[in-house]
Every structure is written in structure tokens, then in C-alpha cells.
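Residue strings, one per chain:
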Number of protein chains: 2
Amino acid sequence: MAEHRTTRHQARAAAIRQIKDEARRQLREDGVHNLSLRGVARSMGFVSSAIYRYFPSRDELLTALIIDAYDALGEAAEQADDPGAPRAQRWARVCRAVRAWALANPAEYMLIYGSPIPGYQAPRDTVGPATRVAKVLTTIAEDAPDSPLSPTLAKQMTDTAAALDSPIAPGAMARVVRAWTQVSGMVSFELFGQFRGAIEPADEFFDAAVADLAEQVGLGS
Amino acid sequence: MAEHRTTRHQARAAAIRQIKDEARRQLREDGVHNLSLRGVARSMGFVSSAIYRYFPSRDELLTALIIDAYDALGEAAEQADDPGAPRAQRWARVCRAVRAWALANPAEYMLIYGSPIPGYQAPRDTVGPATRVAKVLTTIAEDAPDSPLSPTLAKQMTDTAAALDSPIAPGAMARVVRAWTQVSGMVSFELFGQFRGAIEPADEFFDAAVADLAEQVGLGS
DNA sequence: TCTCGTCAAGAGCACTGCTCTCGTAGACTC
DNA sequence: GAGTCTACGAGAGCAGTGCTCTTGACGAGA
């Protein structure tokens, strides 16, 4: 019976893909608060209500875009990693890939690392894709040495490592999380214009910081 | 009210203040994208068009709120600084004050450090207040030792220091900027829910990271 | 006192998210 | 192949939005 349904399913999948592509285009051009279902429908030759057959609400569309963005960024990070290279080099390559993806897809980066959409609750589906970048970075630092932590912090970091399914030591996990917040902070500052007029372009600033971070995490060659 | 003999100017200033207070309330409760001029007018007993006498557009209102937020955060940072204390301690206190302000005023923090409002161009007026926190941190690190930088980076950092009107060495400036991106990154992660379910509460994580940052910046006891 | 500028009010335009109903054409069942 | 079901797009409509324009009143300065 599934065989007979395929054409319908295919058409539906294609429509969903087309809607998301158009939504991404509008996101890029007009920003998230100017992304409207009516606009998407209009430029697809649909009537507005037809969109609701595929996405029951604007939030559902946003959720789909958010999951896609997490996946795309996660994939970029995974592809940039070369398990054969020295760990400090792997770290730097992945971080640069994250920044490159963010600069190439600013609207989608803001969607996932900018202010949360107000009134919007991220459903469970986003949790998995959201951790892909963290997983890559944690894997690279898996053999980094431990360092002392307070009991509370040690438990939080052990839990975090467990959630990422990694045998990394709690102390190393803490350093990875700290470093990741700085990487994300730098990318956000650059993207959100906090560096405007001062640190432009930010390539050297970012690369130098990332290299130092690798050392701080404990990936020294 | 019991106000009499108020000049036009005073009445106008009071109305503006009242509008901003109500707008902040709506911002806190419903998020930025649910902040509407009509809503503000309604809960003030105004008719919608009356608001436009005070703020010619929604963006103008947002700009006012953004400037106020930068100023409030800057003031919190400045008040937290105790010039008589050891520098590492000053650094930690200011960072903790920034986080505390952000946790107490999440909506306003997101307004200034979250995704830029699409289609909204920050006017010149926001530049001054925006630098107050950076200025406090830079002042604390003013005597930190220099470190080697590439020529490009050195120029950018010299310019940044000049913009902040500080005699800080370029290498120290670079470390301050890096550290500040991490502080902001941590606060953003916490506020935007990236730590959810893993690092909660984040007090110890933040305090430990900030203490290490002070050392990395070169504020060792 | 009189003029002028500021103010709130209200109607109105174009837009939004979302809901409902209604034919129809295609997918599945027998 | 005929018949049933259902997913689909069209269209109207509701309540809300930002913003504009006009109108009338009222208070402050000349």
C-alpha cells in the first residue's frame, strides 16, 4: 500500500521543500520578522490558506527551518573535521567552518543562535540536530587532560559529556564548553555588528583566538 | 493626576517615559515581536494614533528602548566596579554584574545582544552607550602587559583602544575583546536556552570561567 | 485677548496569521 | 474499470497590526 501512496507523498515532500526554500529566501532578504506565510504562498502562486495544508502555523515553518539550519551547520562542522590531522588543527578547521557557514548563512545562523523567537517553544526535535557541532568539538578534545572542578560543576560536566555520548573528562568538557561559548560569541558579535567599524575584517582576530583556544582546551600539538 | 502647572515640556517627557515603561513591560511579557504601538496605547488609555506624536514609528520606540538598555547595562557595570580592589577581582565583579543584569532583564539584554531587528538600522545615538561595558573592562585591564600581534590585528586593536579612549596596549586589548566575547557568549547561551537541561544553574560555570578569563587577560593578582 | 502649536480622536489603507467552507481531481478499494 | 474517499487549492472572512490623514479642542506664548 505504501507503493501506491508514494506519488502523493512525493508531491507533498516536494511542496514542503519548495515552501522551505522560498521561506529561506525571504528570511535571507527580509529577516525573520518579515517572513510571512502569505508572502511565501504569494510567490509560489498559492493562495494563502493553501500553505496551512503543509505547515499548520508559522511557528511550525520556523521549527522546520531551525532544524534544517542546525543540521546544515552540524554537517558543515562534521565535514570540516579531518580525524587524521593533529587535534589542534582539527579544532581550528572546525571552528573556521562554523564561522564560514555563519557568514554564508547569516539569517539561518541568527535563527538558531540569536534571540529566541518570542512565544516560540523549541520542540524536542530540535535537540538532536542542535548538539552536532558540540559533539564534533567534544570528540576532538576527547583525550584532553582532566582538571579540577567543584562538585556541582563536575556533575554538570559529566552529565553534559554523557548527553554527548562522549568519554571526555569533566574538566576537559568544561574547557570545551567555555571555548565553544567564545567561538559562538565571536561569530555572533561579528554577525550582529558589534565589531562594526573596529574589527573588520575579523578573519585574523578569529583565527588567532581559535588557535589560542585550542591550546587552552588542551589540544597542544 | 495631581499634577498641575506642568509645562508642555514636562508633560511630554512624562508621557514619553510612561510609554517606554509600558513598552518595556510588554517586551518582558510578550517578547519584542509582540510589542505593538497599539497595545501600548491601549493599556495607557490612548488611541493608537496618539502614540505617533511621541514616537514616529515602531523602530523609533525600539531605538529608545535599545539606548536605555545599553545605558542601564553600562551603568550596572560601572557601579559594580570598585577601582580600589585588585584588578582580577574588579574584572570578576563587573562580569558578574553584567550577567546579573542580563538575567534580571532578559528581554532588554536580547534587544541589544540578540539578533539585530531585521530592517532596523541602529542610529548613531546607540554607539556611545553601547561601548560603556567595554570601556569598564578595558579600563580594568589598562596596565595588562602587551603581547605580539600580527600587523593587521595590531592596527585593529590600536584603533579599538583609541575608540575607547584608553592607553591599553594592543595585545592586552585583544585579550580583553576575546574575553568579552566569551562573557557575552556565556550569558547569551544561558539566556537563549543553549544550556538548558545541562548546565543549570550556570552560576558556578560562569564564575569559574570569569576567574580564569581574568588570569588570561593578564590581571593575575 | 487672540493666534498658533500640540494634542487625542477616529476613520481608513494595506498587511498579517489563521479558520472555515466548498468544489474538484487525484489516489486508493473493490 | 467503477466507485469511494481524501487531500488539495480557492476564496471569503475575522481579528489584529503599523502607519497616515483629517478634524476638533485646548493650553501656552505674543
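Residues numbered from 1 in each chain as written. Chains lettered and ligands numbered in written order. Predicted model: local features only at pLDDT ≥ 70, side-chain atom pairs only at ≥ 80, totals over all residues. Heavy atoms only, no water.

- An unreviewed UniProt entry annotates chain A as TetR family transcriptional regulator of Actinokineospora fastidiosa.

**What to know about the overall build of chain A**
So, step 1. Within chain A, the secondary structure is distributed over 11 helices and zero strands.
So, step 2. Along chain A, from the amino end to the carboxyl end, the secondary structure elements read α-α-α-α-α-α-α-α-α-α-α.
So, step 3. Within chain A, the proportion of its 221 residues that are buried is 48%.
So, step 4. In chain A, once contacts between residues fewer than 6 apart in sequence are set aside, the share between residues at least 24 apart is 72%.
So, step 5. In chain A, 24 positive and 27 negative side-chain charges are present, and the distance between their average locations comes to 8 Å. (Helix = DSSP H or I, 4+ residues; strand = E, 2+ residues; numbered from the N terminus. Buried < 20%, exposed > 50% of the residue type's maximum accessible area, 1.4 Å probe, protein only. Contact = heavy atoms within 4.5 Å. Lys, Arg positive; Asp, Glu negative; His and termini not counted. Charge placed at Lys NZ, Arg CZ, Asp CG, Glu CD.)

**Details of the protein's contact with DNA strand D**
So, step 1. With respect to spatial proximity, 21 residues lie near DNA strand D, and among them Ser49(A), Arg53(A), Ser36(B), Arg38(B) and Arg58(B) are the closest.
So, step 2. One of the side-chain N or O atoms of Ser49(A) is found 2.6 Å from a base oxygen in DNA strand D.
So, step 3. Within the contact set of DNA strand D, a phosphate oxygen lies 2.8 Å away from a backbone nitrogen or oxygen of Leu37(B).
So, step 4. Elements with a minimum of two residues in the surface near DNA strand D: helix H1 (2-30) and helix H3 (48-51) of chain A together with helix H2 (37-43) and helix H3 (48-51) of chain B.
So, step 5. The greatest single-element share of the surface near DNA strand D, amounting to three residues, is contributed by H2(B). (Near = heavy atom within 4 Å. Polar contact = N/O pair within 3.5 Å; in protein donor to acceptor, adjacent residues only side chain to side chain.)

**Section: the relation of the copies chain A and chain B**
So, step 1. At an RMSD of 0.1 Å, chain A and chain B line up after a rotation of 180° and a shift of 0.0 Å along the axis. Such a turn and shift between the copies fits a two-fold axis.
So, step 2. By residue overlap, the copies meet face to face through one surface: 100% of the interface positions of chain A are interface positions in chain B. (Least-squares fit on C-alpha atoms with pLDDT ≥ 70 in both.)

**Topic: the interface of chain A and chain B**
Accessible area lost during the coming together of the parts is what is often quoted as the interface size.
So, step 1. With 41 residues of chain A at the contact, the number on the chain B side is 41 residues.
So, step 2. For the pair chain A and chain B, the two sides together bury roughly 3500 Å², of which 59% comes from carbon and sulfur.
So, step 3. Our enumeration of links across chain A and chain B arrives at two salt bridges.
So, step 4. Salt-bridge contacts for Asp212(A) lead to Arg178(B); the nearest nitrogen and oxygen are separated by 2.8 Å.
So, step 5. For the pair chain A and chain B, the number of links is 13 residue pairs in polar contact (both at pLDDT 80 or more).
So, step 6. Secondary-structure elements contributing two or more residues to the side of chain A that touches chain B are helix H6 (106-113), helix H9 (151-163), helix H10 (170-192) and helix H11 (203-217) of chain A.
So, step 7. Of all the elements, H10(A) adds the most residues to the side of chain A that touches chain B, at 11 residues.
So, step 8. Within the side of chain A that touches chain B, the residues separate by chemical class into 22 nonpolar, 14 polar and five charged. (Buried area = accessible area lost by both parts, 1.4 Å probe. Salt bridge = Lys/Arg side-chain N within 4 Å of Asp/Glu carboxyl O. Nonpolar A, V, L, I, M, F, W, Y, C, P; charged D, E, K, R; others polar.)

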